[in-house]
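Here is what each chain is made of, one letter per residue.
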Amino acid sequence: MKETTIPVKTEGRRVPDTRESGKTLKPVVDIFETAEGLTVVADLPGVQKENVQIQIENEVLTIKATPKSKLSLEPIYQEFKLYPYFRQFQLSDRVDQEKIKAEMKNGVLVIQLPKKEEAKPKQITVNVS
Amino acid sequence: MRRWWNTIQELELLRREMDDLFHVLDEGWLDMPSLEYSFLPGVSAQTYPLVNIAEDKENVYVEALAPGIDPETLEVSVLNNTVKIAGEKSAVKDVKPEAFHRNERGAGRFIRTLSLPVEVNADKVKAEYKDGVLLLTLPKAESAKPKQIAISVS
C-alpha cells in the first residue's frame, strides 16, 4: 500500500486532490494484512464519529477528520494544538471498494478494506500419489 | 538486584519531574512550531499523553490526548496538587509482524505525573474519557480559590 504525498498526474483519469488547504495533521496509522484484506487503524484523538469523512475516489483513500477540544477556555499551559487530520493512501485495484467498512471507537478509526474474491489466496490440495 | 532496580526507577522518576518543571518554567518553548505536530503518539513519543491545562475560578481542567486506551486500564490519582495519569494502550491483537505494512502507532503502559499550580480537592475530581480524550475537572481547594474583597469607599 503506497502513500500519496506528491500530486500524481495520470493521463486519462482524474486524480483526487492530494493536498488540503490549511494546516492539517497527519494521523499515525497501522496498516496490516489479513486473509480477508487490509485493515487501516488510525489514531484520531478528539474526533467524534460524525466528523470523520472517508472517501474513495479513483483508488485513493482519503481520511479527513475534524477534532474538537473539550476545553472551553484558553489553556494556560499547552502541549498540543488540534488541527484537522488529513491523510491519503493509494489503494490497489485488488481492494473491493464496495465492501469497505469503517468503525470509530475511543478516538481510533478502523477501516476494513476487503480483497476482491479473485485476489484472495486459494488453498490447493496437493495429491501425493 | 531488586533493590538496585528500584533506586534506578526512583532516579528516573525524579529526573522526569525535574524535566517537567523546566518545561513549565521555560515559557519560550511553546513558540517552537514542531511541537504543534509532535503530539501524535508514535513509537518515539517521550511524553505521553500530552496535555493542555486550563483554569477558571472554581476548577482546573486537564485535557489529555490518549486515543485507543481501554477505559478500564485508565487510572487517575490526585494528591495535593499532583495528578497521576496511568493506563495502557494495547497493540493490535493477533497480527503477525510480517503482516504489517505500517506500524506507526505506539503501544504500551504509560504514567504521567503533573504538578498543578494550585491544590485541588481530591474527593471531587471528575474524569471523563471520550473520543480518545481524557478530560479531568479538578475543583480547587477552598484555600486556593480567589477571594473577593469588598472595598468600602468613604
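None of the values given here were measured: they were computed from a predicted structure. (Residues numbered from 1 in each chain as written. Chains lettered and ligands numbered in written order. Predicted model: local features only at pLDDT ≥ 70, side-chain atom pairs only at ≥ 80, totals over all residues.)

**Describing the overall build of chain A**
Next up, step 1: Scanning chain A from N- to C-terminus turns up 0 helices and 9 strands.
Next up, step 2: Starting at the N terminus and ending at the C terminus, chain A contains elements arranged as β-β-β-β-β-β-β-β-β.
Next up, step 3: Looking at chain A as a whole, 27% of its 129 residues qualify as buried.
Next up, step 4: Contacts in chain A between residues at least 24 apart in sequence constitute 56% of all its contacts with a sequence separation of at least 6. (Helix = DSSP H or I, 4+ residues; strand = E, 2+ residues; numbered from the N terminus. Buried ≥ 20, exposed ≤ 12 C-beta atoms within 10 Å, placed from the backbone. Contact = placed C-beta atoms within 7 Å.)

**As for the overall build of chain B**
Next up, step 1: Each helix and strand in chain B was counted, giving 1 helix and 8 strands.
Next up, step 2: Listed by position from the N terminus, the elements making up chain B come as α-β-β-β-β-β-β-β-β.
Next up, step 3: Expressed as a percentage of the 154 residues in chain B, the buried residues total 23%.
Next up, step 4: Within chain B, residue pairs in contact and separated by at least 24 positions form 56% of the contacts whose partners lie at least 6 positions apart.

**A word on the sheet that holds strand β2 (residues 59-65) of chain B**
Next up, step 1: Across the sheet, which stays open at both edges, the 5 strands sit in the order β6(A)-β1(B)-β2(B)-β8(B)-β7(B) with antiparallel pairing between neighbours. Strands at the two margins of the open sheet, each flanked by one partner only, are β6 (77-78) of chain A together with β7 (126-130) of chain B. (Pairing = 2+ DSSP bridges.)

**A short note on the sheet that holds strand β3 (residues 75-79) of chain B**
All names here are of chain B.
Next up, step 1: Spatially, the 3 strands line up as an open sheet ordered β3-β4-β6, and their pairing is antiparallel. Looking at strand neighbours, the two that pair on one side only are β3 and β6 (108-115), the edges of this open sheet. Across the sheet, the axes of successive neighbouring strands diverge by a mean angle of 15 degrees, strand direction being ignored. (Axes fitted to C-alpha atoms, helices over the stretch in contact; angles between N-to-C directions.)

**A closer look at unusual backbone geometry**
Residue and element names in this part refer to chain B.
Next up, step 1: Notably, Asn-80 is not glycine yet its phi reads approximately 50 degrees, a positive angle.
Next up, step 2: Relative to the helices and strands, Asn-80 resides in the loop between β3 and β4 (82-89).
Next up, step 3: In this structure, Asp-94 takes a positive phi of about 55 degrees despite not being glycine.
Next up, step 4: Note that Asp-94 resides in the loop between β4 and β5 (100-103).

**What about the pairing of strand β4 (residues 47-57) of chain A?**
Consecutive side chains along a regular strand alternate between the two faces of the sheet.
All names here are of chain A.
Next up, step 1: In this sheet, strand β5 (residues 60-67) lies alongside β4 in antiparallel orientation, the contact comprising 7 bridges. Bridge pairing links Glu-57 to Val-60 in β5.
Next up, step 2: Once β4 ends, the chain turns through 2 residues before running back antiparallel as β5, passing Asn-58 with a positive phi of about 45 degrees.

**Things to note about the interface of chain A and chain B**
Next up, step 1: Each partner contributes residues to the interface: chain A has 31 residues there, and chain B has 35 residues.
Next up, step 2: A breakdown of the residues in the side of chain A that touches chain B according to their chemical character gives 18 nonpolar, 6 polar and 7 charged.
Next up, step 3: Pairing geometry for β6(A) and strand β1 (residues 51-55) of chain B, over 2 bridges, is antiparallel. Note on β1(B): the bridge partner recorded for Gln78(A) is Asn52(B). (Nonpolar A, V, L, I, M, F, W, Y, C, P; charged D, E, K, R; others polar.)

**Observations concerning the confidence of the model for chain A**
Regions with low pLDDT should not have their predicted coordinates read in detail.
Next up, step 1: Mean pLDDT for chain A: 83, with 84% of residues reaching 70 or above.
Next up, step 2: Looking across chain A, the model is least confident in strand β1 (residues 2-3) of chain A, with a mean pLDDT of 64, and most confident in strand β9 (residues 108-114) of chain A, with 94. (pLDDT = per-residue confidence, 0-100.)

**Examining the confidence of the model for chain B**
Residue and element names in this part refer to chain B.
Next up, step 1: When pLDDT is averaged along chain B, the result is 80; 80% of the residues meet or exceed 70.
Next up, step 2: Looking across chain B, the model is least confident in helix α1 (residues 2-25), with a mean pLDDT of 72, and most confident in strand β8 (residues 133-139), with 94.
Next up, step 3: Confidence over residues 27-45 falls short of pLDDT 50; this stretch has 22 contacts with residues more than four positions distant or in other chains.
Next up, step 4: For this predicted complex, the interface score ipTM comes out at 0.74, alongside a pTM of 0.72.

**Considerations on the pairing of strand β7 (residues 85-90) of chain A**
All names here are of chain A.
Next up, step 1: In terms of burial, β7 is largely enclosed, as 5 of its 6 residues are buried.
Next up, step 2: Here β5 pairs with β7 via 6 bridges, running antiparallel. Looking at β7, one finds that Thr-62 is bridged to Gln-88.

**Details of the environment of Lys140(B)**
All names here are of chain B.
Next up, step 1: On the secondary structure map, Lys-140 appears in the segment after β8.
Next up, step 2: Judged by the 22 C-beta atoms lying within 10 Å of it, Lys-140 falls in the buried class.
Next up, step 3: Considering only alpha carbons, one finds Lys-140 and Ile-151, 11 residues apart in sequence, at a separation of 25 Å.
Next up, step 4: Among residues more than four places away in sequence, those in contact with Lys-140 are Glu-58, Asn-59, Val-60, Val-118, Val-120 and Lys-145.

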